Amino acid sequence: MPRQLFRRIVSYKPKHFAKVTTVPELRHLRRKALLAQRSVGFVPTMGALHQGHLALIRQAAKENDQVYVSIYVNPTQFGVNEDLSSYPRTWPEDRVKLQALIAEFSTNNQLGQIAAVFMPSTKEMYPSAPPTSEIDGQGSFVTITPLSARLEGASRPVFFRGVATVCMKLLNIVQPERVYFGQKDIQQTFVVKRMVQDFHLDTEVRVGSTVREADGLAMSSRNVYLGERRRAVALVLLNSFKEVQQVFARGARKRRYLYNAAMDKLLSVQKQQEALPKGKRALFEVDYISIADPDTLDELEEVTVERGAILSGAIKMLPIEDSQEGEETGLGGGKSTVRLIDNIRLDLLSAKVGYIP
Ligand code: AMP
């Protein structure tokens, strides 16, 4: 049915969502929605829900009759040495947050409702073979190149293969009118848009703004690993972007000036931390800083005022050394490296007022 024919039908709103674990059950619900001419907006997540996820669900409820949320920690996007087994899984808390959203949506007739939460097992999602995280492992995968090999993909070679594969599966199962992703994972939005275009998937990719903590740190399910000490230093990435905004506002357009502004900030904070005693410092490594075209994500040699750029980066917060008596070290005791990513849209208007878009 053509998308335009869908109209908003929100008069009856159930107070509970269906928790669905199998593909046939989900398809059954989806088919009922289709026959009842209810539009479906889909928000894929890995759970450990925070305000970033909830904002996407709110956006989906504004634009659709029904919202389907998936919670699935997808093994194929984790590298062999990454944190798959320790990734936070918080279903009891997630359920409470989803129930609160249901109550919130039920008071407003302009909003759709959360109709289904899809929580499949890995056997359900990867029916024919145990999924592999090996780079040359066998299996049915979707690869989107060269986009997937750059930036995040350079550090995490199987990451976007896993993301594209699981999104293809989920989109085939849910077949939503619209699917929602956060700008925080900007490269992921490019990869998914490219996949939707190249494989003729009949869905519209919608991107919601990055939701931040009060001090500006981008919300992430992984922030719970940081602990107080690393949390205080973690803002350095966003602060390095602010330096770039300032030199851009003062007229710098060439890559090397913009790039150096970010790196100077990162390296000076790195030095400050290195000079501190082990029990006080939080060391980090810079993974990359990218200044890229807003449409293609190709690296730019020069940023024009008309087009602006996507300024993105990643740092690795290294394990806490010499943790102190009574120190709040975060989930896992500060022992694991925590990789943080962020990005902003670099344009003159926001640069002039230091706004983080
Ligand atoms: P995840 O559970 O980390 O896979 O994220 C699920 C979705 O939420 C992805 O589309 C993310 O980009 C999005 N998301 C994660 N953190 C944020 C945030 N701070 N603001 C907006 N969206 C986010």
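Structural data are supplied above this passage.
Computed from a predicted model, the values in this text were never measured in an experiment.

Draft legend 1. Fine view of the packing of helix α9 (residues 236-249) against helix α10 (residues 255-275). The contact between α9 and α10 brings their axes to 8 Å, and the two run at 145 degrees. Of the two possible hands of crossing, α9 and α10 adopt the one that is right-handed. Across the interface between the two elements, Val-236, Leu-237, Asn-239, Ser-240, Glu-243, Val-244, Val-247 and Phe-248 of α9 pack against Tyr-257, Leu-258, Ala-261, Ala-262, Lys-265, Leu-266 and Val-269 of α10. Taken together, the residues that form the contact of α9 with α10 break down as 11 nonpolar, two polar and two charged.

Draft legend 2. Spatial organisation of the environment of Val-207. Within the element layout of this structure, Val-207 appears in strand β6 (residues 204-208). Overall, the relative accessible area of 32% leaves Val-207 in the partly exposed class. Measuring from C-alpha to C-alpha, the distance between Val-207 and Tyr-72 comes to 20 Å, with 135 residues separating the pair along the chain. Not counting chain neighbours up to four residues away, the residues in contact with Val-207 comprise Gln-59, Phe-181, Gly-182, Gln-183, Thr-189 and Lys-193.

Draft legend 3. Representation of the pattern of salt bridges in the model. Applying the stated rule across the entire model yields 19 salt bridges. Between Arg-58 and Glu-104 there is a salt bridge; the shortest N-O distance is 2.6 Å. Here Arg-58, found in helix α2 (residues 51-63), pairs with Glu-104, found in helix α3 (residues 91-106); they are 46 residues apart in sequence, far enough to count as distant. We classify Arg-58 as partly exposed; its relative accessible area is 29%. Asp-215 is the partner of Arg-231 in a salt bridge, and the nearest nitrogen-oxygen pair spans 2.9 Å. Of this pair, Arg-231 sits in helix α8 (residues 227-233) while Asp-215 sits in the loop between β6 and α8, and the two are 16 residues apart along the sequence. Residues joined by salt bridges that share partners form a network here, namely Glu-63, Arg-178, Glu-204 and Arg-206.

Draft legend 4. Looking closely at the site of the ligand. Taken together, 17 residues surround the ligand, and among them Met-46, His-53, Asp-185, Val-211 and Met-219 come closest. Between the ligand and the protein, one listed contact pairs an oxygen atom with a backbone N or O atom of Met-46 at 2.9 Å. Backbone polar atom of Gly-182 to an oxygen atom of the ligand: 2.9 Å apart, as the coordinates give it. Expressed as a share of its isolated accessible area of 480 Å², the protein-covered part of the ligand is 93%.

Draft legend 5. How the structure looks around the sheet that holds strand β9 (residues 338-346). A sheet is described by the order of its strands in space; here three strands give the open sequence β7-β8-β9, paired in antiparallel fashion. Each end of this open sheet is capped by a strand with a single partner; those strands are β7 (284-292) and β9. For this sheet, the mean inter-axis angle between neighbouring strands, taken without regard to orientation, is 15 degrees. Across nine bridges, the pairing between strand β8 (residues 309-317) and β9 is antiparallel. Among the inter-strand pairings, Ala-314 is bridged to a residue of β9, identified as Ile-341. Sitting on the sheet, α9 touches β7, β8 and β9, and the angle it makes with β9 is about 25 degrees. In this fold α10 packs onto β7 and β8, with an angle of close to 165 degrees to the strand it touches most, β7.

Draft legend 6. Focus on unusual backbone geometry. Looking along the chain, the bond that leaves Thr-145 and enters Pro-146 is cis, with omega of 0 degrees. On the secondary structure map, Pro-146 appears in the loop between α4 (122-125) and α5 (152-155). Phi at Asp-322 takes a positive value of approximately 45 degrees, unusual for a residue other than glycine. As for its placement among the helices and strands, Asp-322 is situated in the loop between β8 and β9.

Draft legend 7. Region of interest: the sheet that holds strand β1 (residues 18-20). Read across the open sheet, the six strands follow the order β1-β4-β3-β2-β5-β6; overall the sheet is parallel. Each edge of the sheet is formed by a strand with only one pairing partner; in this case those strands are β1 and β6. Neighbouring strand axes in the sheet, compared pairwise and without regard to direction, differ in orientation by 25 degrees on average. Here six bridges tie strand β2 (residues 40-45) to strand β3 (residues 66-71), and the two strands are oriented parallel to one another. Across the sheet, Val-43 pairs through a bridge with Val-69, a residue of β3. Of the strands in this sheet, β2, β3, β4 (113-118) and β5 (178-182) are in contact with helix α6 (residues 159-174), which crosses β2 at around 150 degrees.

Draft legend 8. Layout of the packing of aromatic side chains. On inspection of all chains with the given rule, the structure shows three aromatic pairs. Judged by centre distance (5.7 Å) and plane angle (80 degrees), the rings of Phe-78 and Tyr-87 are edge-to-face. The same class applies to Phe-78 and to Tyr-87, which are both buried. Taking the ring centre of Tyr-126 as reference, the NZ or CZ of Lys-169 above it sits at 4.1 Å.

Rules of the game
- The residue numbering used here restarts from 1 in each chain and proceeds along that chain's sequence as written.
- In view of the model being predicted, local features appear only for residues whose pLDDT reaches at least 70, and side-chain atom pairs are presented and counted only at 80 or more, with totals across whole chains, interfaces and linings using the full set of residues.
- For the side-chain quantities, the full set of heavy atoms in the structure was used; hydrogens and water were omitted.
- Between N-to-C directions, angles span 0 to 180 degrees; the directions come from axes that are lines fitted to C-alpha atoms, helices contributing only their stretch in contact.
- In DSSP terms, a helix is any run of H or I states spanning at least four residues, a strand is any run of E spanning at least two, and both are numbered starting from the N terminus.
- Two helices that cross are described as forming a left-handed crossing if the nearer one is turned anticlockwise from the farther one by less than a right angle, and a right-handed crossing if clockwise.
- Here, residues are in contact when the closest pair of their heavy atoms is within 4.5 Å.
- Under the scheme applied here, ten amino acids are nonpolar (Ala, Val, Leu, Ile, Met, Phe, Trp, Tyr, Cys and Pro), four are charged (Asp, Glu, Lys and Arg), and all others, including Gly, are polar.
- Relative accessibility thresholds used throughout: buried, under 20% of the residue-type maximum; exposed, over 50%; partly exposed, between the two (1.4 Å probe, protein chains only).
- Definition used for salt bridges: Asp or Glu carboxyl oxygen within 4 Å of a side-chain nitrogen of Lys or Arg.
- For this purpose, a residue is taken to be near a molecule or strand whenever a single non-hydrogen atom of the residue falls within 4 Å of it.
- Any pair of N or O atoms that falls within 3.5 Å is considered a polar contact. Within protein, one atom must be able to donate a hydrogen and the other to accept it, and sequence-neighbouring residues count only if both atoms are side-chain atoms.
- All accessible areas in this document rest on Shrake-Rupley with a 1.4 Å probe, and a residue is counted as covered only by the protein chains that are shown.
- Strand pairing is assigned whenever DSSP identifies at least 2 bridges connecting the two strands.
- What counts as a ring pair is set by centres within 6.5 Å for rings of Phe, Tyr and Trp (its six-membered ring), and what kind of pair is set by the plane angle: stacked under 30 degrees, edge-to-face over 60, tilted for all other angles.
- By the criterion adopted, a ring carries a charge over it if an Arg CZ or a Lys NZ lies within 6 Å of its centre and within 35 degrees of its normal.

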